[in-house]
Amino acid sequence: NEVIPSLIILYLAYLCKLTSLCNRIELQPDEVAAFQCRSSCRQRALEITCILFNYIETLQIDCCTCAPAPLQLLACGYFSCAPIAPSLTVDLQLLELVKTLFVHITPDMTAWCETLKVFLAGCGYQLTTKVSQASVLNFGHLDQYYCRIIFAINSVTPIIGTVYSA
C-alpha cells in the first residue's frame with residue numbers, strides 16, 4: 001500500500017524528463033546519488049534481471065528502507081515485479097507496449113511471457129531458470145502494479161491523465 005503511492009511522483013517526473021516513452025534517458029551522477037542510502041541502514045544487495053525490448057541485462061543494486069529497490073529501478077526507467085525485493089524488472093517502454101496491447105486484445109500473460117522468452121532467445125539472450133520459471137507470475141504482478149500507478153494518476157488528477165493519454 002505504501003510502494004505504489006511512493007512511485008507516482010517519480011514516475012511523473014520520469015515522464016516529464018522523457019517527454020514520452022520513445023527514448024531512454026541516462027541518469028546524471030547527482031540524480032543517481034538521490035536514490036542511494038545516506039544513512040547507516042542495513043542494506044541488501046539485489047541482482048535483478050532487466051528485460052528491455054531487444055535484450056536482457058543484469059543490474060545489481062543495494063537497497064534499504066530509505067532507498068528501496070522500486071524507487072531506484074524506476075529512476076533508471078524500469079518497473080519492478082515486486083515491491084520489496086524484486087528479481088525481475090521490465091523497461092517502461094516495453095511495459096507500456098504490453099499495457100497498450102492488452103487494451104486491444106484479450107490479456108494472456110502466459111502467451112505474452114512465452115513470446116517474450118522466444119523473442120529474446122532469438123536475440124541470443126536466455127532468462128535464468130529462477131526467473132524463467134516464475135516469469136509469468138512476476139510479469140503478472142508487474143503489470144498489475146504498473147496499471148495501479150496509471151489508474152492512480154488518471155483518477156487523482158484528470159489533467160495529468162489527459163496529458164499522459166496524449
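Predicted, not measured: the structure shown is a model, and the values here were computed from it.

Caption draft 1: Region of interest: the overall build of the protein. Scanning the protein from terminus to terminus reveals seven helices and four strands. Sequence-ordered secondary structure for the protein, helices as α and strands as β, is α-α-β-β-α-β-β-α-α-α-α. As displayed, the protein has an accessible area near 9,500 Å², and 59% of this comes from carbon and sulfur atoms.

Caption draft 2: The arrangement of the confidence of the model for the protein in detail. Put simply, the protein has an average pLDDT of 75, and 73% of its residues get 70 or more. Strand β1 (residues 44-51) holds the highest mean pLDDT among the elements of the protein, 89, whereas helix α7 (residues 158-165) holds the lowest, 47. Throughout residues 159-166 the model reports pLDDT below 50, and contacts reaching past four residues in sequence, or to other chains, amount to 11 contacts.

Caption draft 3: Highlighting the nonpolar core. In this structure, Y11, F79, W112 and I149 are the most contacted members of the largest nonpolar core, which totals 34 residues. Sort the elements by how many residues they give to this core and helix α1 (residues 3-18) lands first, with eight residues. Judged by nonpolar contacts, the second largest core, of nine residues, contains I48, C50, C63 and A69.

Caption draft 4: Local environment of the sheet that holds strand β3 (residues 78-80). A sheet is described by the order of its strands in space; here four strands give the open sequence β2-β1-β4-β3, paired in mixed fashion. Single-partner strands in this sheet number two, and they are β2 (56-63) and β3. Taken over all neighbouring pairs, the strand axes of this sheet differ in orientation by 35° on average, direction set aside. With three bridges joining them, β1 and strand β4 (residues 88-91) adopt parallel strand pairing. Considered in β4, the bridge of C50 is made with T89.

Caption draft 5: Structural detail: the pairing of β4. Sheet analysis places β3 next to β4, joined by three bridges and oriented antiparallel. Following the sheet pairing, S80 is matched in β4 by T89.

Caption draft 6: Structural context of the packing of helix α4 (residues 92-104) against helix α5 (residues 109-122). Contact geometry for α4 and α5: axes closest at 12 Å, N-to-C directions at 140°. Put simply, α4 runs oblique to α5. The interaxial crossing formed by α4 with α5 has right-handed handedness. Here L94, L97, V98, L101 and F102 of α4 come into contact with α5, specifically with M109, W112 and L116.

Caption draft 7: Highlighting α4. Here α4 is 13 residues long and its end C-alpha atoms lie 19 Å apart, about the 18 Å a rise of 1.5 Å per residue gives. When we look at burial in α4, the residues that qualify are L92, Q93, L94, L95, E96, V98, K99 and F102. The N-cap residue of α4 is D91: its side-chain oxygen and the backbone nitrogen of Q93 are 3.2 Å apart.

Caption draft 8: Main features of the pairing of β1. In terms of strand pairing, β1 meets β2 through eight bridges, oriented antiparallel. Residue pairing in the sheet places A45 in a bridge with D62 of β2. Where β1 folds back onto β2 in an antiparallel hairpin, the turn is made up of four residues.

Caption draft 9: Structural context of the environment of M109. Structurally, M109 is set in helix α5. For M109, a relative accessible area of 17% translates into the label buried. As a C-alpha pair, M109 and V98 span 11 residues in sequence and 9.6 Å in three-dimensional space.

Reading the values: rules and limits
Within each chain, residue numbers correspond to sequence positions counted from 1 in written order. Local features in a predicted model are, by the rule used here, given only for residues with pLDDT of at least 70; side-chain atom pairs are given and counted only at 80 or more, and totals for whole chains, interfaces and linings are based on all residues. Only hydrogens and water are set aside when side-chain values are computed; all heavy atoms of the structure are taken into account. Secondary structure counts use DSSP, requiring at least four H or I residues in a row for a helix and at least two E residues in a row for a strand, with both numbered from the N terminus. The accessible surface values rely on the Shrake-Rupley method and a 1.4 Å probe; as for residues, cover is taken only from the protein chains in view. Confidence scores per residue from the predictor, reported as pLDDT, run from 0 to 100. Should any heavy atoms of two residues lie within 4.5 Å, those residues are considered in contact. Here, the term nonpolar core denotes a set of buried Ala, Val, Leu, Ile, Met, Phe, Trp, Tyr and Cys residues that are joined through side-chain atoms within 4.5 Å. For each residue, the accessible area found with a 1.4 Å probe, counting protein chains only, is set against the maximum for its type, and the residue is called buried under 20%, exposed over 50%, and partly exposed in between. Pairs of strands are assigned from DSSP output, requiring at least two bridges between the strands. Note on geometry: axes are lines fitted to C-alpha atoms, helical ones only across the stretch in contact, with angles between N-to-C directions running from 0 to 180 degrees. Working definition: roughly parallel below 35 degrees, roughly antiparallel above 145 degrees, roughly perpendicular at 65 to 115 degrees, and oblique for all remaining angles. For any helix crossing, the convention is left-handed if the near helix is rotated counterclockwise from the far helix by under a right angle, and right-handed if that rotation is clockwise. Given the number of residues in a helix, its expected span is that number minus one, multiplied by 1.5 Å. In protein, a polar contact requires one atom able to donate a hydrogen and another able to accept it; more generally it is a pair of N or O atoms within 3.5 Å, and residues adjacent in sequence count only if both atoms are side-chain atoms.

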